[in-house]
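# Working through the structure, step by step
Below are the chains, spelled out letter by letter.
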There are 2 protein chains.
Amino acid sequence: MIVAGIMTGTSVDAIDIATCDITSKGDRQTISLLSFTSAPFEEETRLLIHRCMRSEADMQDLCDLPFLLAREFAVRFADHCAASGIRPEALAVHGQTLWHHPTVSTWQALAGPALSALTDLPVVHDFRSADVALGGQGAPLVPIYDHAVYADDTLNRVTLNIGGMANMTILPAGVPSSKVVAFDCGPGNVWIDGATRLTYGKSFDTNGAIARAGSVLRPFLAELTSLPYFALDPPKSTGRELFTMQELKRLITKYSHPSSPLEDVVTTLTELTAWSIVDHLRRYASEAGEVIVSGGGSQNTYLIERLSALSAEMDSRCTFRIDTQWAAKEAMAFAYLGWRTLQGLPGNLPSVTGAERDVVLGTIARA
Amino acid sequence: MIVAGIMTGTSVDAIDIATCDITSKGDRQTISLLSFTSAPFEEETRLLIHRCMRSEADMQDLCDLPFLLAREFAVRFADHCAASGIRPEALAVHGQTLWHHPTVSTWQALAGPALSALTDLPVVHDFRSADVALGGQGAPLVPIYDHAVYADDTLNRVTLNIGGMANMTILPAGVPSSKVVAFDCGPGNVWIDGATRLTYGKSFDTNGAIARAGSVLRPFLAELTSLPYFALDPPKSTGRELFTMQELKRLITKYSHPSSPLEDVVTTLTELTAWSIVDHLRRYASEAGEVIVSGGGSQNTYLIERLSALSAEMDSRCTFRIDTQWAAKEAMAFAYLGWRTLQGLPGNLPSVTGAERDVVLGTIARA
């Protein structure tokens, strides 16, 4: 079955579309990427999403946004199909996260029936709500895909996605999906990008060049690493609600003296992301042999070097490898999750989300 | 197939649940009511919904509400099933309207996958979005049900629902569903209830007793009937956005002199509702033989008398009959709409909503 996944993250930088061919043999699936496009949001939409996330939107804005997204996704999807010449049989759409209140509620904006009416295709959407209703965090959902694609019979693997937040899926050799452990470590790029914007006015630190030029501000790093989220045991998930720009500004004001180089702030926040990832590897995946890195953060070469350097102090030797599908992976994962829903198969892993049981995720519009 | 419809209106007074047996012969269906319950909202939920509607809710409130509704509907539904001993095969849920921006967007809050996970049943929800995406008003949706249940081969019928707003579906003898005309006439109970609250401090005028005791204030009625909405031709739909409490207060202050009896205000607003209904009958259903009345307003005996009196001046003789299912009708209509979606049948009537085509409505969660 050919399914397209549409992914938009909390960074609101792009609409990622991955068309995948998913075939099933027994209870194993292969997922092949047929085409991938990533297009920026329309400026108007991006600004509206940010207004919503900052609680500055009114009810009409909040009513309009799911329809604006449906219309924009329909246009991007038509472009995507035209570019590849492939028309999928169904769409699986994450929707735009506006709020996440773990185990209580979650909000992925999209008018699914509207997108279905505009594309004439079944649309699977609202993937996180059923898990939340069953006491789960509603996140992460990618681990079942990680297990299907990356679990190995002999290698201890970890998949690490560095998006706005950083999350990892721990896949010991031969692990069954019911035993997979996965969680958000903490911030991925969100505070690195934020600090780069505040100090250099750039939207991100290309290749980690700014961070490489600076030094870690030790007292700043010490306060950052003492934030309570890091010490929690899984299952755990987090988002921009906890790692806010307000809190970042407060901390930068506290620790960055006018005399110290601006890049030190970026270096310190890059070190925080590296430290938090390696600390979680040490605590929950000390036998990991291979860490497969995806997400925008995989392109930050300085960050990857820091991961390697910090992990050298771990007991077992682990190598960091950039996923060949580092950009398309999340959209592919949602194509796979949508396929599971269309087959009537559960998509959450209770060992990961903390839900009381596994459940078929989402809702299907067939306008 | 046994389907339960769950309806909650913009008055936020009750959660109506109707379990229906729907059977199909060719392209005709019979819809039998098996059980009906109506329970008030939890006070906390009702207040939160009103805060949302008044734009006083924050993002966390708006994120939580669809889950609060799913949990409350699940409890009410369990009570409903326990009372009747019947467990339906699926749920069709209108969701709580928070905003309606005709032809642009619409917002019926409910975490459908959450309700499906909590009830272990398929849940059809978000009925209005696909029609809006296709340029429609997203309302009214009940006319396809009116056609299925009330259209007659020899009688010219009209169905009239007097809720907060009053709407009618015009069903000439033998009319095909594609030719049905339906629209909102204007206010139903909203201003009668509002005036009763402002003058007598009661939430509604039981049996129309207050209105019956007063006299119509002619200059007040003249200004009311000149409001531009009444003169518009269908398709048209309206809501509390146009007929606000603020406007009502302004008009009462202008026309109700301290010396005139308080009941005259209620009489005048009851006359407005009756006039507007009969005026629309005269303009668009002058051949109507039977008008079948549902909604809370059907219990206002004085209003029904005024409808009969005013319609006596019409060319053809029409009688007003109270629907035996006056309370359950809207919940039954959504059970039927959900059944249509589960069968892959379209649910909107483009002649009514103005959408560019008919479409399968909603989205189906099968957690």
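Residues numbered from 1 in each chain as written. Chains lettered and ligands numbered in written order. Predicted model: local features only at pLDDT ≥ 70, side-chain atom pairs only at ≥ 80, totals over all residues. Heavy atoms only, no water.

### Points about the packing of helix α5 (residues 143-150) of chain A against helix α13 (residues 329-342) of chain A
Residues and elements named next belong to chain A. Interaxial distance between α5 and α13 falls to 9 Å at its minimum, and their mutual angle equals 100°. When the axis of α5 is compared with that of α13, the two are roughly perpendicular. Where α5 abuts α13, its residues I144, Y145, D146, A148 and Y150 lie against K329, M332, A333, Y336, L337 and R340. (Axes fitted to C-alpha atoms, helices over the stretch in contact; angles between N-to-C directions. Helix = DSSP H or I, 4+ residues; strand = E, 2+ residues; numbered from the N terminus. Parallel < 35°, antiparallel > 145°, perpendicular 65-115°, else oblique. Contact = heavy atoms within 4.5 Å.)

### So, helix α11 (residues 263-284) of chain B
Over its 22 residues, α11 of chain B extends 32 Å from the first C-alpha to the last, a length consistent with the 32 Å expected when each residue adds 1.5 Å. Counting buried residues along α11 of chain B, 18 of its 22 residues qualify, which places the element largely inside the surrounding structure. (Expected span 1.5 Å × (residues − 1). Buried < 20%, exposed > 50% of the residue type's maximum accessible area, 1.4 Å probe, protein only.)

### A few points about empty space enclosed by the protein
Tallying each qualifying case throughout the model produces two cavities of 30 Å³ or more. By volume, the largest cavity is sized at about 480 Å³. Forming the walls of the largest cavity are 30 residues, and the residues nearest its centre are W107 and L110 of chain A together with W107, Q108 and L110 of chain B. Looking at the lining of the largest cavity, the elements with two or more residues in it are α2 (59-84) and β6 (105-109) of chain A together with α2 (59-84) and β6 (105-109) of chain B. Partitioning the lining of the largest cavity into residue classes produces 16 nonpolar, 12 polar and two charged. There is about 30 Å³ of room inside the second largest cavity. T341, V360, L361, G362 and I364 of chain A together with I364, A365 and R366 of chain B are the residues that line the second largest cavity. Residues belonging to the lining of the second largest cavity are distributed by class as follows: five nonpolar, two polar and one charged. (1 Å grid on protein atoms, 1.4 Å probe; cavity = no way out; pocket = protein on both sides within 12 Å on 5 of 7 lines; lining within 4 Å. Points joined across faces, edges and corners; volume = space filled by probe spheres on them. Nonpolar A, V, L, I, M, F, W, Y, C, P; charged D, E, K, R; others polar.)

### Focus on the relation of the copies chain A and chain B
In this structure, two copies of a chain are linked by a rotation about an axis accompanied by a shift along it. Superposing chain A onto chain B requires a rotation of 179° together with a translation of 0.7 Å along the rotation axis, leaving an RMSD of 0.6 Å. Here the transformation between the copies is reduced to the relation of a two-fold axis. Across chain A, the rotation axis passes nearest the C-alpha of I364 of chain A, at a separation of 2.5 Å. Of the residues that chain A buries at the interface, 100% are likewise interface residues in chain B, meaning the two copies contact each other through the same surface. (Least-squares fit on C-alpha atoms with pLDDT ≥ 70 in both.)

### Quick notes on the domain arrangement of chain A
Note on interface size: it is often stated as the accessible area lost on association of the parts. All names here are of chain A. The domain boundaries assigned to chain A delineate domain 1 (2-140 + 328-365) and domain 2 (144-322). Each of domain 1 and domain 2 was reduced to a C-alpha centroid, and the two centroids are 24 Å apart. The interface is formed by 24 residues belonging to domain 1 together with 21 residues belonging to domain 2. Each partner contributes to the roughly 2000 Å² buried at the junction of domain 1 and domain 2, and carbon and sulfur atoms together form 58% of this total. Taken together, the connections running from domain 1 to domain 2 amount to one salt bridge. Here domain 1 and domain 2 share six residue pairs in polar contact (both at pLDDT 80 or more) between them. For the side of domain 1 that touches domain 2, the secondary structure elements donating two or more residues are β3 (28-40), β5 (96-101), α13 and α14 (350-353). No other element matches the seven residues that α13 contributes to the side of domain 1 that touches domain 2. Taken together, the residues of the side of domain 1 that touches domain 2 sort by class into 12 nonpolar, nine polar and three charged. (Domains from an automatic or database assignment. Buried area = accessible area lost by both parts, 1.4 Å probe. Salt bridge = Lys/Arg side-chain N within 4 Å of Asp/Glu carboxyl O. Polar contact = N/O pair within 3.5 Å; in protein donor to acceptor, adjacent residues only side chain to side chain.)

### Description of the nonpolar core
Where a protein is soluble and globular, its nonpolar side chains tend to be buried together. By size, the foremost hydrophobic cluster in this structure holds 109 residues, and its most contacted members are L98 and W107 of chain A. Within the second largest apolar cluster, 41 residues are counted, among which are L141, Y150, V180 and L349 of chain B. (Core = buried A, V, L, I, M, F, W, Y, C linked by side-chain atoms within 4.5 Å.)

### Remarks on the pattern of salt bridges
A side chain of one charge can pair with a side chain of the opposite charge if their charged atoms are brought near each other. Residues and elements named next belong to chain A. Under the counting rule described, the total for this entry stands at 31 salt bridges over all chains. Taking the shortest distance from any N to any O, the salt bridge between D79 and R76 comes out at 2.8 Å. In this pair, D79 and R76 both sit in helix α2, three residues apart, roughly one turn of the helix. On the basis of relative accessibility, which here comes to 41%, the residue D79 falls in the partly exposed class. According to the relative accessible area criterion, R76 is buried, its value standing at 18%. We note a salt bridge from R250 to E223, for which the minimum N-O separation is 3.6 Å. On the criterion of sequence distance, the pair formed by R250 in helix α10 (residues 245-255) and E223 in helix α8 (residues 218-225) is long-range, its members being 27 residues apart. Owing to a relative accessible area of 19%, E223 belongs among the buried residues under this scheme.

### What to know about the interface of chain A and chain B
In this assembly, 39 residues from chain A lie in contact with 39 residues from chain B. Taken together, both faces of the contact between chain A and chain B bury some 3200 Å²; the carbon and sulfur share is 64%. Its largest share of buried area at the contact with chain B, chain A owes to M59, C63 and F67 of chain A, together 20% of the area lost on that side. For the salt bridge of R357 of chain A with D120 of chain B, the shortest nitrogen-to-oxygen distance reads 4.0 Å. For the interface between chain A and chain B, the tally reads 22 residue pairs in polar contact (both at pLDDT 80 or more). Looking at the side of chain A that touches chain B, the elements with two or more residues in it are α2, β5, β6, α3 (112-119), α4 (129-133) and β13 (363-365) of chain A. Considered class by class, the residues forming the side of chain A that touches chain B number 23 nonpolar, 10 polar and six charged.

### Observations regarding the sheet that holds strand β9 (residues 165-171) of chain B
Residues and elements named next belong to chain B. Read across the sheet, five strands follow the order β10-β9-β8-β11-β12 without closing on themselves; strand pairing throughout is mixed. Each edge of the sheet is formed by a strand with only one pairing partner; in this case those strands are β10 (181-187) and β12 (319-322). Along the sheet, successive strands turn relative to each other by an average axial angle of 25°, direction set aside. Of the pairings in the sheet, the one linking strand β8 (residues 157-162) to strand β11 (residues 290-294) comprises five bridges and is parallel in character. (Pairing = 2+ DSSP bridges.)

### As for unusual backbone geometry
Each neighbour pair has its own omega, and for A139 of chain A with P140 of chain A the value is -15°, a cis peptide bond. Relative to the elements of secondary structure, P140 of chain A occurs in the loop between α4 and α5. Its identity is not glycine, yet D120 of chain A carries a phi of approximately 60°, on the positive side. Tracing the sequence through the fold places D120 of chain A in the loop between α3 and β7 (123-125). Look at D120 of chain A and you get exposed, because its relative accessible area is 53%. For V12 of chain B, which is not a glycine, the phi torsion comes out positive at approximately 55°. You can see V12 of chain B is positioned in the loop between β1 (2-7) and β2 (14-25).

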